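# Summary of the model geometry
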Amino acid sequence: MTSSAQLNPDVVVRFAPSPNGLLHLGHAYAAMVAHDFARQREGRFLLRIEDIDSGRSRSAFVAAILEDLRWLGLHWDGEVIFQSERLDSYALVADQLKARGLLYPCFCSRAELRQLLVDRPQPESADGPVYPGTCRHLDPELARKRVATEPHSWRLDIAKAIAITGPLQWMDERHGPQACHPERLGDVILVPKEMPVAYHLAVTLDDARDGISHVVRGDDLFASTHIHRLLQALLELPTPVYFPHPLLCDDKGEKLSKSRDSASLSVLRKGGQNGYGLLQDLRQGIFPVGISLL
Ligand code: GLU
């Protein structure tokens, strides 16, 4: 590991897995790209466990993540960061956004949403269909009453937010400068019904709090950056440079995923494979049969 005296203070990169399953080869690739990005620039490489979803996060998966990274020879700097230890800070910011009138309560159930989308099909975004805005114009007095008694999430009023921030951009080190179009994702949920905070808000706050200079993550999260950039502007947070990397996919062109049962790293580790050798292969673009870059 580089000693802190030699580190480049302008480069801080993180790997931010969610402990809701075992890591697979795609994660090894993602962690390697982020790690090597930091090390090649003599920067810091942080590990942040994104465990806000207490219903799906498991400590056994956290333990496996740490073991897998060590087995691959990927060393992170400093203590492991846990989002579950920061829930109060997310709630504080969510309350500030509510007080500014930027969040509104949404009472739509999943079934109602499905029906709404059948009745009035909406454009698809990377986050799924864009919310048709049903609860955006509820009578405020009525909404306040319903908040006290009914399950609800809190959505970001994108039009209101854009009216405050005006046009925004960010720098993508792979694809060049990007114009921000959060309206493409619609009024995303920032505080879900069943979780203390949504990914978009937690990740934006944490990237700022952890001093992340370069967000190195998979291409599948490219579209989320529109929302993250908007939140940075609303909350007066710095904007990192983004570097979305290609994803590993299977022979059908589908990205590897936990839910698709892609061979887990811990199975390979426990089977006696050499993790360091595996990572060296990934570095050189040598992938197991049937696996390639998307
Ligand atoms: N926790 C997210 C995941 O496991 C990654 C978040 C990010 O890199 O922004 O997919």
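Residues numbered from 1 in each chain as written. Predicted model: local features only at pLDDT ≥ 70, side-chain atom pairs only at ≥ 80, totals over all residues. Heavy atoms only, no water.

## Quick word on the nonpolar core
Residues Phe15, Leu47, Leu69, Leu72 and Leu265 are the most contacted members of the largest nonpolar core, which totals 35 residues. At the level of elements, β1 (12-15), α1 (25-40), β2 (44-49), α2 (59-72) and α10 (275-283) are the ones that each hand at least two residues to this core. Element by element, the count of residues in this core is highest for α1, at 10 residues. If you look at the next biggest cluster of nonpolar residues, it comprises 34 residues, including Cys180, Val188, Leu201 and Ile227. (Core = buried A, V, L, I, M, F, W, Y, C linked by side-chain atoms within 4.5 Å. Buried < 20%, exposed > 50% of the residue type's maximum accessible area, 1.4 Å probe, protein only. Helix = DSSP H or I, 4+ residues; strand = E, 2+ residues; numbered from the N terminus.)

## Considerations on the packing of aromatic side chains
Under the criterion given, the structure shown has 4 aromatic pairs. On the basis of an interplanar angle of 70° and a centroid distance of 6.2 Å, the ring pair of Tyr29 and Phe287 is categorised as edge-to-face. Residue Tyr29 is found in helix α1, and its partner Phe287 is found in the loop between α10 and β14 (292-293); the two are separated by 258 residues along the sequence. Relative accessible area serves as the criterion here: at 10%, Tyr29 is assigned to the buried category. Note on Trp170 and Phe222: the rings are 6.0 Å apart at their centroids and 55° apart in plane angle, and the pair reads as tilted. A residue pair is termed long-range when its members are at least 10 positions apart, and Trp170 in strand β8 (residues 169-172) and Phe222 in the loop between β11 (214-218) and α8 (224-235) qualify at 52 residues. Relative accessible area serves as the criterion here: at 4%, Trp170 is assigned to the buried category. Connected via pairs of aromatic rings, a cluster forms that spans Trp170, Phe222 and Tyr242. Against the face of Phe107 rests Arg146, its NZ or CZ located 4.2 Å from the ring centre. (Phe/Tyr/Trp six-rings, centres within 6.5 Å; stacked < 30°, edge-to-face > 60°. Lys NZ or Arg CZ within 6 Å of the ring centre and 35° of its normal.)

## Re the sheet that holds strand β7 (residues 153-156)
With respect to topology, 3 strands assemble into an open sheet ordered β4-β7-β10, the strand pairing being antiparallel. In this open sheet, the two strands that pair with only one neighbour each are β4 (103-106) and β10 (189-191). For this sheet, the mean angle separating the axes of adjacent strands, direction not counted, is 45°. Direction of pairing for β7 relative to β10: antiparallel, over a ladder of 2 bridges. In the strand pairing of β10, Arg155 is matched with Ile189. Contacting β4, β7 and β10, helix α3 (residues 87-99) crosses the sheet at an angle of about 100° to β4. (Pairing = 2+ DSSP bridges. Axes fitted to C-alpha atoms, helices over the stretch in contact; angles between N-to-C directions. Contact = heavy atoms within 4.5 Å.)

## Some thoughts on the site of the ligand
The full set of residues close to the ligand is Arg14, Ala16, Pro17, Ser18, Glu50, Tyr199, Val203, Arg217 and Leu221. Between an oxygen atom of the ligand and a side-chain N or O atom of Arg14, the distance comes to 2.7 Å. Take Arg217: an N or O atom from its side chain is 2.9 Å from an oxygen atom of the ligand. Expressed as a share of its isolated accessible area of 300 Å², the protein-covered part of the ligand is 78%. (Near = heavy atom within 4 Å. Polar contact = N/O pair within 3.5 Å; in protein donor to acceptor, adjacent residues only side chain to side chain. Areas by Shrake-Rupley, 256 points an atom, 1.4 Å probe, with all protein chains shown as cover.)

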